[in-house]
Amino acid sequence: MKNKKNNTPEMKALRNEIDAIDNKLLPLMVKRSHLVEKALELKTNRSDIVDKKRINEITKKITQRTKKLGGNAKLLSEIWLSIINSFIEFEKSKFKK
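What counts and how
Residues numbered from 1 in each chain as written. Predicted model: local features only at pLDDT ≥ 70, side-chain atom pairs only at ≥ 80, totals over all residues. Heavy atoms only, no water. Helix = DSSP H or I, 4+ residues; strand = E, 2+ residues; numbered from the N terminus. Rg over C-alpha atoms; globule rule 2.2 N^0.38 Å. Buried < 20%, exposed > 50% of the residue type's maximum accessible area, 1.4 Å probe, protein only. Contact = heavy atoms within 4.5 Å. Areas by Shrake-Rupley, 256 points an atom, 1.4 Å probe, with all protein chains shown as cover. 1 Å grid on protein atoms, 1.4 Å probe; cavity = no way out; pocket = protein on both sides within 12 Å on 5 of 7 lines; lining within 4 Å. Points joined across faces, edges and corners; volume = space filled by probe spheres on them. Nonpolar A, V, L, I, M, F, W, Y, C, P; charged D, E, K, R; others polar. Core = buried A, V, L, I, M, F, W, Y, C linked by side-chain atoms within 4.5 Å. Polar contact = N/O pair within 3.5 Å; in protein donor to acceptor, adjacent residues only side chain to side chain. Axes fitted to C-alpha atoms, helices over the stretch in contact; angles between N-to-C directions. Parallel < 35°, antiparallel > 145°, perpendicular 65-115°, else oblique. Left-handed = near helix turned anticlockwise from the far one by under 90°.

Caption draft 1: Examining the overall build of the protein chain more closely. Looking only at helices and strands, one finds three helices and zero strands in the protein chain. Here the C-alpha atoms of the protein chain give a radius of gyration of 18 Å, more than 25% beyond the 13 Å that 2.2 N^0.38 yields for 97 residues. Summarising its shape, the C-alpha atoms of the protein chain cover approximately 55 × 30 × 30 Å along the three principal directions. With 97 residues in all, the protein chain has 15% of them scored as buried. Once local pairs closer than 6 in sequence are excluded, the contacts in the protein chain between residues at least 24 apart make up 68%. When the accessible area of the protein chain is evaluated, it comes to approximately 8500 Å², of which 57% is carbon and sulfur surface.

Caption draft 2: Spotlight on the layout of surface pockets. Taken as a whole, the largest pocket spans an internal volume of roughly 600 Å³. For the largest pocket, the lining is made up of 18 residues, of which M29, R32, I62, W80 and I83 are closest to its centre. Elements represented by at least two residues in the lining of the largest pocket include exactly helix 1 (9-42), helix 2 (52-68) and helix 3 (73-94). The residue makeup of the lining of the largest pocket, split by class, is eleven nonpolar, two polar and five charged. Its volume calculated, the second largest pocket comes out at about 380 Å³. Looking at the second largest pocket, it is lined by 16 residues, and the ones nearest its centre are R32, V36, K43, R54 and E91.

Caption draft 3: The arrangement of the nonpolar core in detail. Core analysis: the largest hydrophobic core is formed by eight residues, namely L40, I49, I55, I58, I62, I84, I88 and F95. Elements that contribute at least two residues to this core include exactly helix 2 and helix 3. With three residues, the top contributor of residues to this core is helix 2. Setting aside residues no more than four positions away along its own chain, I49 makes contact with L40, K43, I88, E91, K92 and F95.

Caption draft 4: Region of interest: the side chain of K43. Position of K43 relative to the elements: it lies in the loop between helix 1 and helix 2. A polar contact of 2.7 Å, which involves the side chain of K43, links it to the side chain of E91. When neighbours within four sequence positions are excluded, K43 is seen to be in contact with D48, I49, E91, F95 and K97.

Caption draft 5: Region of the structure containing the packing of helix 2 against helix 3. At a minimum axis separation of 9 Å, helix 2 and helix 3 run at an interaxial angle of 150°. Relative to helix 3, helix 2 is oriented roughly antiparallel. Both helix 2 and helix 3 take part in a crossing whose hand is right-handed. For the pair helix 2 and helix 3, contact is made by I55, I58, T59, I62, T63, T66 and K67 and by A73, L76, S77, W80, L81, I84 and I88, respectively. Per-class residue counts for the contact of helix 2 with helix 3 are nine nonpolar, four polar and one charged.

Following this line, the structure appears as structure tokens:
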């Protein structure tokens, strides 16, 4: 039995809303990546790339703010950690000092 795609008007409207949010997120992520690159230039040791204290502070802040907004704190904290870890891997790959 084939799975039919859900192409109802309601689903299309939801997907359009998601796309609109993605269109707002992308420029912010590009800006974030530029800031990460600038921060990397200031790091003198490879060990400077991972700041566990800052990561914990960010995770705590995201969890608190998400709860206040009525969101899924576990899910969004995991997404944020994924973003942070992706940037950490990027920094490690670019570190040249």
